Amino acid sequence: MTATTRTAPGADSPDRPGTAPAVPPRRRFPSRALIPWGFVGPFLTLFALCFVLPILYALYQSLIQIRRFGLFGEEGRETVFAGFDNYARALGQETFVDSIGRVLLFGVVQVPVMIGLALVLALLLESASARWPGFFRALYFMPYGVPGVVASLLWGFLYVPGLSPVLDVAGWAGLEPDLLGPNSVLWSIANIITWLFIGYNMLILVAQLKTIPSELYESARIDGAGPLQTAWNIQLPLIRPALVLTTVFSIIGTLQLFAEPQILAAFTVNIDSAYTPNMAAYNSAFTDNDYNVAAAQSVIVALTAFVLSFGFLWLVNRKDRRR
């Protein structure tokens, strides 16, 4: 007996003439995989052009030296590999090393004060008894919209005796503060930075506070928790990521200090051309015309910011793991 295969009536057979060939399965076009890159491509391009390439160029400049021949370089010049000689020259400048220590002292005092005040303002504005929180949020954020140069000029005149109404009132009370003196000018700069950025940090914390579910507040109220207990046991633990973010931004901003002391230098002789690391690098580049040492100083500042920021993050993550 032979086995026969039956086909359904009307079914097409591949042997039958006029039958359409089987359609192969569709293949996914590789262009679909490129769609996400089309969205992130503009960002990556700008990131590479405005961030990565300048860093690489600064690294290159910090490792070379340009030797000129002749009195004014009229006989030519050559580029030679200098290794870490520029870094040794940068660290050999006592004023540059002192400027790093100065901004580190500045950050140790100013950053905790600013973040603490921003936290207090955020908690007060998000409390149940706060009135007109939108108005006060805009009011506290308003200084951030003032350019740093304008703010420095404004506060500079408020620090000058004879021009400042604040110092006039202090004089009537028998006080004679020297806000631009050698021991106080650093903290006068800290006051400007705090005034400028406290509202910015406050808004970041407020945004994090608004993500806390209202059920947690209701449960705390039912359990008899007061405002301080609610802030300590509920709000602070849940806004920890925002506190870490604002602290890291403030650490980086401390080492980038430039505009405020540069403007205040016109009001006092207690701020020299190398008062901060960025001012020292600027002076090396545009006053001494030593771009290679300036590049080395810039790289040192960037590495210091990197070490401090990631060191802080490491300490925070270490505490989280212990918990």
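Keep in mind that this is a model prediction, so the values were computed, not measured.

What follows is about the packing of aromatic side chains. Under the definition given, this model contains 16 aromatic pairs. Look at Phe135 and Phe136: their rings are 5.2 Å apart centre to centre, the planes differ by 75°, and that puts the pair in the edge-to-face class. According to the relative accessible area criterion, Phe136 is partly exposed, its value standing at 25%. Seen in terms of ring centroids, Tyr144 and Phe197 are 5.8 Å apart; in terms of plane orientation they differ by 65°. Their pairing is edge-to-face. Taken as a pair, Tyr144 in the loop between α4 (133-141) and α5 (148-159) and Phe197 in helix α7 (residues 185-209) lie far apart in primary sequence, 53 residues in all. Judged by relative accessible area, which is 35%, Tyr144 ranks as partly exposed. Given the relative accessible area of 31%, Phe197 is considered partly exposed. Site record: aromatic cluster; members linked through ring pairs are Phe141, Tyr144, Phe197 and Tyr200. Lying over the aromatic face of Tyr275, Arg102 brings its terminal NZ or CZ to 4.4 Å of the ring centre.

Quick look at α7 now. Taking 1.5 Å as the rise per residue, α7 with 25 residues should run 36 Å; its terminal C-alpha atoms sit 35 Å apart, in good agreement. Of all the bends in α7, the largest measures some 40° and sits at Phe197.

Between helix α12 (residues 277-286) and helix α13 (residues 291-322), the least distance of the axes is 7 Å, while the angle of their chain directions is 165°. Classified by the interaxial angle, the pair formed by α12 and α13 is roughly antiparallel. Classified by chirality, the crossing of α13 by α12 is left-handed. Residues Pro277, Asn278, Ala280, Ala281, Ser284, Ala285 and Phe286 of α12 pack against Tyr291, Val293, Ala294, Gln297, Ser298 and Val301 of α13.

Packing of α5 against α7 leaves a shortest axis separation of 10 Å and a crossing angle of 135°. By the criterion of interaxial angle, the relationship of α5 to α7 is oblique. For the crossing formed where α5 meets α7, the hand is right-handed. Taken together, the residues of α7 that come into contact with α5 (itself represented by Gly148, Ala151, Ser152, Leu154, Trp155 and Tyr159) are Ser188, Asn191, Ile192, Trp195 and Leu196.

This part is about the environment of Ser127. Its place among the elements puts Ser127 in the loop between α3 (94-125) and α4. For the pair formed by Ser127 and Pro227, sequence separation is 100 residues and the distance between their alpha carbons is 7.9 Å. Polar contacts involving the side chain of Ser127 include one to the main-chain carbonyl oxygen of Leu124, which spans 2.7 Å.

Another point: the side chain of Asn201. As for its position among the elements, Asn201 is in helix α7. Judged by relative accessible area, Asn201 falls into the buried class, the value being 2%. Once you skip the residues sitting within four places of it in the chain, Asn201 turns out to touch Met114, Ile115, Ala118, Thr246 and Ser250.

As a further point, take a positive patch on the surface. Together, Arg318, Lys319, Arg321 and Arg322 make up a positively charged patch on the protein surface. Examined against the element boundaries, Arg321 turns out to sit in helix α13. On the basis of relative accessible area, Arg321 is assigned to the exposed category, the value being 59%.

Looking now at the side chain of Thr268. Considering the arrangement of structural elements, one finds Thr268 in the loop between α11 (259-264) and α12. Side-chain polar atoms of Thr268 contact the backbone oxygen of Leu180, separated by 3.1 Å.

Our next topic: unusual backbone geometry. Despite not being glycine, Trp132 shows a phi value in the positive range, around 50°. Considering the arrangement of structural elements, one finds Trp132 in the loop between α3 and α4. The exposure class of Trp132 is exposed, given its relative accessible area of 63%. One non-glycine residue, Asn289, adopts positive backbone phi at about 55°. If you trace the backbone, Asn289 turns up in the loop between α12 and α13.

What counts as what
Residues numbered from 1 in each chain as written. Predicted model: local features only at pLDDT ≥ 70, side-chain atom pairs only at ≥ 80, totals over all residues. Heavy atoms only, no water. Phe/Tyr/Trp six-rings, centres within 6.5 Å; stacked < 30°, edge-to-face > 60°. Buried < 20%, exposed > 50% of the residue type's maximum accessible area, 1.4 Å probe, protein only. Helix = DSSP H or I, 4+ residues; strand = E, 2+ residues; numbered from the N terminus. Lys NZ or Arg CZ within 6 Å of the ring centre and 35° of its normal. Expected span 1.5 Å × (residues − 1). Bend = angle between axes of the 7 residues up to and from the residue. Axes fitted to C-alpha atoms, helices over the stretch in contact; angles between N-to-C directions. Parallel < 35°, antiparallel > 145°, perpendicular 65-115°, else oblique. Left-handed = near helix turned anticlockwise from the far one by under 90°. Contact = heavy atoms within 4.5 Å. Polar contact = N/O pair within 3.5 Å; in protein donor to acceptor, adjacent residues only side chain to side chain. Patch = residues over 30% accessible without salt bridge, like charges linked within 9 Å, V, L, I, M, F, W, Y side chains within 5 Å. Areas by Shrake-Rupley, 256 points an atom, 1.4 Å probe, with all protein chains shown as cover. Salt bridge = Lys/Arg side-chain N within 4 Å of Asp/Glu carboxyl O. Lys, Arg positive; Asp, Glu negative; His and termini not counted. Charge placed at Lys NZ, Arg CZ, Asp CG, Glu CD.

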